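Residue-level listing of the chains:
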Number of protein chains: 6
Amino acid sequence: MNDDLPAREAIFGAQHDRIFDRLTGLDPDLATYIRDFAYDTVYERPGLDLKTKELLACTLLLSLGSPDELRTHLRGAMRAGATEQEVRETLLFAAPFVGFPRVVAAFAQLRALLHPRPGS
Amino acid sequence: MNDDLPAREAIFGAQHDRIFDRLTGLDPDLATYIRDFAYDTVYERPGLDLKTKELLACTLLLSLGSPDELRTHLRGAMRAGATEQEVRETLLFAAPFVGFPRVVAAFAQLRALLHPRPGS
Amino acid sequence: MNDDLPAREAIFGAQHDRIFDRLTGLDPDLATYIRDFAYDTVYERPGLDLKTKELLACTLLLSLGSPDELRTHLRGAMRAGATEQEVRETLLFAAPFVGFPRVVAAFAQLRALLHPRPGS
Amino acid sequence: MNDDLPAREAIFGAQHDRIFDRLTGLDPDLATYIRDFAYDTVYERPGLDLKTKELLACTLLLSLGSPDELRTHLRGAMRAGATEQEVRETLLFAAPFVGFPRVVAAFAQLRALLHPRPGS
Amino acid sequence: MNDDLPAREAIFGAQHDRIFDRLTGLDPDLATYIRDFAYDTVYERPGLDLKTKELLACTLLLSLGSPDELRTHLRGAMRAGATEQEVRETLLFAAPFVGFPRVVAAFAQLRALLHPRPGS
Amino acid sequence: MNDDLPAREAIFGAQHDRIFDRLTGLDPDLATYIRDFAYDTVYERPGLDLKTKELLACTLLLSLGSPDELRTHLRGAMRAGATEQEVRETLLFAAPFVGFPRVVAAFAQLRALLHPRPGS
């Protein structure tokens with residue numbers, strides 16, 4: 001991980017342009033707000049390292065029940081230096097707070113990321 | 001912070017017994033489950049340090065909208081070694097994911113913790 | 001419990017008129033919809049007994065995080081024949097599904113109902 | 001849009017019967033409640049025009065995270081006279097309140113409605 | 001239903017091992033917590049019969065919007081002795097509390113369970 | 001309402017400075033993000049009039065269950081030109097989508113706004 005990269009490049013890696021192209025295809029202003037406010041403003045704040053931020057992002061998306069965005073940030077957490085074990089600990093930690101169904105759904109996204117099946 | 005302490009003693013400090021007495025007063029089995037499962041099982045897992053766990057807890061409680069528990073874990077995060085700035089960063093980080101109203105409510109808890117008013 | 005009573009009279013008892021007067025004071029049409037649709041249509045359906053319905057209501061309100069309505073239906077469950085223990089079991093049962101914070105908040109309502117403090 | 005039509009015919013158009021046939025297939029009483037209470041009672045209230053109601057419906061379904069119903073009401077909003085731009089503004093407006101993940105999911109439904117792919 | 005069986009065997013029946021194998025495949029500790037805490041501790045508590053517990057579980061999962069787990073427990077409720085009509089009543093009962101979209105989604109899971117389509 | 005005013009001045013009126021001073025007291029960067037992104041960027045977008053935006057805001061805050069912010073925007077909706085009746089219609093409209101408890105809580109905020117009690 002290169003600390004001089006914008007956070008969004010560090011966590012999305014080779015998927016960066018595809019992710020923002022998809023958002024632009026949904027709505028150009030939406031893509032701009034996500035890039036400028038969520039990433040280039042909030043994610044770029046100092047005070048927490050990128051790995052911690054990505055673990056917080058996974059927790060927030062687990063809690064919301066947003067499977068696609070969760071998978072993106074599970075990958076992002078590992079790109080930002082989290083080990084698979086740290087990601088697993090983060091998901092397990094949520095169970096007493098939000099219950100098992102959200103945690104099971106989150107681990108299903110992690111499995112899909114770690115063991116992609118052909119065609120899915 | 002003494003790493004040999006159970007996590008619940010490290011994060012609740014002098015409030016520990018009062019917190020569990022209150023839970024026992026609500027329901028003794030509930031108190032047992034929270035102590036044995038949430039704290040002595042899940043919180044004691046290795047792999048993430050206690051400060052990171054408490055920042056995740058604050059994020060989960062911000063997302064749930066649970067003000068009392070959030071205040072307890074904002075204090076816990078600082079007992080576990082998080083600076084006030086790290087706590088603020090954690091709360092701000094949630095804004096793009098869950099919106100401003102939950103974040104404003106979380107900062108109101110932080111302010112109440114940092115600047116308690118007489119009688120409240 | 002008199003099975004010939006409307007469900008809303010059975011579960012609200014002496015509070016019935018006060019509860020609907022308060023709703024009418026909020027909005028008369030809202031009060032009408034709650035009375036005619038929620039109570040006189042949905043609650044009056046056969047197939048589940050009133051005690052089971054009230055335990056389901058407590059579960060739904062625990063999950064929503066609606067403390068005032070929850071307290072009303074905790075009382076309603078006991079008026080419909082649920083023992084204190086059955087109510088406690090219902091609240092505890094939710095913990096693995098929605099996590100502890102919602103359950104703790106629900107037990108705080110139960111305690112306030114069972115042990116009202118002067119002035120609260 | 002013909003103001004003499006029931007709101008549900010105005011917003012569902014040619015899909016009206018298919019939508020209610022599907023609901024009846026799920027549960028006949030559920031279909032009756034949705035038709036009689038949600039549509040023929042609440043939607044028929046005066047005071048807000050149908051376009052505004054459909055934009056509110058889209059906002060509520062975005063917030064709930066109900067993709068299928070959201071798509072139905074995105075189409076309904078446009079049948080009720082909302083331009084594509086007004087629908088986009090409605091979805092973007094939600095971002096500061098509920099965060100980006102719900103808004104991204106909503107725009108994915110809008111895109112699927114505007115650019116249906118063969119077989120989906 | 002054999003009362004000597006663990007609740008999880010009574011409600012999952014022939015799917016029991018497949019369900020826990022899947023959870024173990026997601027994360028072995030997650031599977032252990034769900035088995036030991038959610039099922040062998042909370043589900044085994046006396047005070048409510050298994051049918052009532054499963055109806056509560058369906059209500060919680062309807063409220064959470066967790067379709068896969070809901071389908072599992074709709075089946076579990078019927079294995080625990082609930083009639084199809086009691087399950088339908090349970091789902092309908094939630095409408096005034098959490099609104100129609102969650103209830104429609106729950107009935108879609110019930111239909112899929114009662115009328116599975118080839119290949120789905 | 002003066003269309004040349006920033007939306008936040010039009011909807012907050014004489015409370016504007018107090019509202020932002022409170023947010024700054026919670027966290028200066030939070031206040032900046034809410035002012036610059038939520039208000040001066042998203043609220044200033046053309047395409048929907050301010051009254052419609054405020055009705056959407058009330059709907060979002062009703063759905064989130066954020067009572068303080070809801071009261072602020074109920075007042076804002078009326079400042080932006082919504083009649084009391086339009087606000088009531090907006091709150092009632094949410095009932096079939098999110099259920100009665102959230103709507104009752106919203107009307108309690110409306111009543112507190114319309115009929116403030118001394119000391120509250």
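As recorded in an unreviewed UniProt entry, chain A goes by 4-carboxymuconolactone decarboxylase and comes from Deinococcus aquiradiocola.

### As for the relation of the copies chain A and chain F
In this structure, two copies of a chain are linked by a rotation about an axis accompanied by a shift along it. The transformation that overlays chain A on chain F combines an axial shift of 0.0 Å with a rotation of 180°, and the residual RMSD is 0.0 Å. Such a combination of turn and shift is consistent with a two-fold rotation axis. When C-alpha positions in chain A are compared against the rotation axis, the closest is assigned to F37(A), at 3.8 Å.

### Some points on the interface of chain B and chain A
Of the residues lining the interface, 29 residues belong to chain B; the matching set on chain A comes to 29 residues. When chain B packs against chain A, the two sides together hide about 2700 Å² of surface, and 81% of this comes from carbon and sulfur. Summed over the three residues of chain B that lose the most area to chain A, namely L60(B), F93(B) and F97(B), the buried surface amounts to 26% of that side. E89(A) serves as the salt-bridge partner of R45(B), at 2.7 Å between the closest nitrogen and oxygen. Residue assignment for the side of chain B that touches chain A shows that the elements contributing at least two residues are α3 (28-43), α4 (50-64), α6 (84-93) and α7 (95-98) of chain B. With 9 residues, the single largest contributor to the side of chain B that touches chain A is α4(B). Looking at the side of chain B that touches chain A residue by residue, the classes come out as 19 nonpolar, 6 polar and 4 charged.

### Brief notes about helix α5 (residues 67-79) of chain B
Spanning 13 residues, α5(B) covers 18 Å between terminal C-alpha atoms, matching the ideal 18 Å at 1.5 Å per step. Three or more residues of α5(B) are buried, namely L70(B), H73(B), L74(B), G76(B) and A77(B). For α5(B), the arc enclosing every buried residue in end-on projection is 165°, short of the 170-degree limit, so these residues lie on one face. Where α5(B) is buried, its residues touch α7 (95-98) of chain A together with α1 (7-12), α3, α4, α6 and α8 (100-114) of chain B. Looking one or two places after α5(B), you find G81(B), whose phi comes out positive at around 110°.

### Thoughts on the packing of helix α2 (residues 16-26) of chain A against helix α3 (residues 28-43) of chain A
Residues and elements named next belong to chain A. Viewed as axis vectors pointing N to C, α2 and α3 meet at an angle of 135°, and their least axial separation amounts to 5 Å. With respect to α3, the axis of α2 lies oblique. Of the residues in α3, those touching α2 at F20, L23 and T24 are P28, A31, I34, R35 and Y39. For the contact of α2 with α3, a count of residues per class yields 6 nonpolar, 1 polar and 1 charged.

### Brief notes about the interface of chain A and chain F
With 6 residues of chain A at the contact, the number on the chain F side is 6 residues. Together, the buried faces of chain A and chain F total about 610 Å²; carbon and sulfur atoms form 60% of this surface. By the criterion of area lost to chain F, the three top residues of chain A are Y33(A), F37(A) and R45(A), representing 80% of everything that side buries. The tally of links between chain A and chain F comes to 2 salt bridges. Taken together, the links from chain A to chain F amount to 4 residue pairs in polar contact (both at pLDDT 80 or more). Here the residues of the side of chain A that touches chain F sort into 3 nonpolar, 1 polar and 2 charged.

### As for the packing of helix α4 (residues 50-64) of chain E against helix α6 (residues 84-93) of chain E
All names here are of chain E. As a packed pair, α4 and α6 sit with axes 10 Å apart at the nearest point and diverge in direction by 40°. Considered as vectors, α4 and α6 are oriented oblique to each other. For the element pair α4 and α6, the recorded crossing hand is right-handed. Contact residues: α4 offers K51, L55, T59 and L62, while α6 offers E86, V87, T90 and L91. For the contact of α4 with α6, the residue count by class is 4 nonpolar, 2 polar and 2 charged.

### Some remarks on the UniProt feature "domain: Carboxymuconolactone decarboxylase-like" (unreviewed entry) in chain A
Mapped onto this numbering, the UniProt entry gives "domain: Carboxymuconolactone decarboxylase-like" (unreviewed entry) at residues 28-111 of chain A. Helix makes up 83% of residues 28-111 of chain A and strand makes up 0%, while its end C-alpha atoms are separated by 32 Å.

### Here's the deal with the pattern of salt bridges
Evaluation of the coordinates by the stated rule reveals 42 salt bridges over all chains. In this structure, R35(C) and D36(C) form a salt bridge, with 2.9 Å as the shortest nitrogen-oxygen distance. You can call R35(C) partly exposed: its relative accessible area is 33%. Here the salt bridges share partners, and the residues they tie into one network are D27(A), E84(D) and R88(D).

### Here we look at the side chain of S63(D)
Relative to the helices and strands, S63(D) is located in helix α4 (residues 50-64). Judged by its relative accessible area of 14%, S63(D) falls in the buried class. Here S63(F) takes part through its side chain, which lies 2.7 Å from a polar atom of the side chain of S63(D). Those residues within four positions of S63(D) in sequence are excluded, and the remaining contacts are V98(D), R102(D), L60(F) and S63(F).

Calculation notes
- Residues numbered from 1 in each chain as written.
- Chains lettered and ligands numbered in written order.
- Predicted model: local features only at pLDDT ≥ 70, side-chain atom pairs only at ≥ 80, totals over all residues.
- Heavy atoms only, no water.
- Least-squares fit on C-alpha atoms with pLDDT ≥ 70 in both.
- Contact = heavy atoms within 4.5 Å.
- Buried area = accessible area lost by both parts, 1.4 Å probe.
- Salt bridge = Lys/Arg side-chain N within 4 Å of Asp/Glu carboxyl O.
- Helix = DSSP H or I, 4+ residues; strand = E, 2+ residues; numbered from the N terminus.
- Nonpolar A, V, L, I, M, F, W, Y, C, P; charged D, E, K, R; others polar.
- Expected span 1.5 Å × (residues − 1).
- Buried < 20%, exposed > 50% of the residue type's maximum accessible area, 1.4 Å probe, protein only.
- Arc of directions from axis to C-beta.
- Axes fitted to C-alpha atoms, helices over the stretch in contact; angles between N-to-C directions.
- Parallel < 35°, antiparallel > 145°, perpendicular 65-115°, else oblique.
- Polar contact = N/O pair within 3.5 Å; in protein donor to acceptor, adjacent residues only side chain to side chain.
- Left-handed = near helix turned anticlockwise from the far one by under 90°.
- UniProt positions renumbered as here; feature names shortened; annotations may be inferred.

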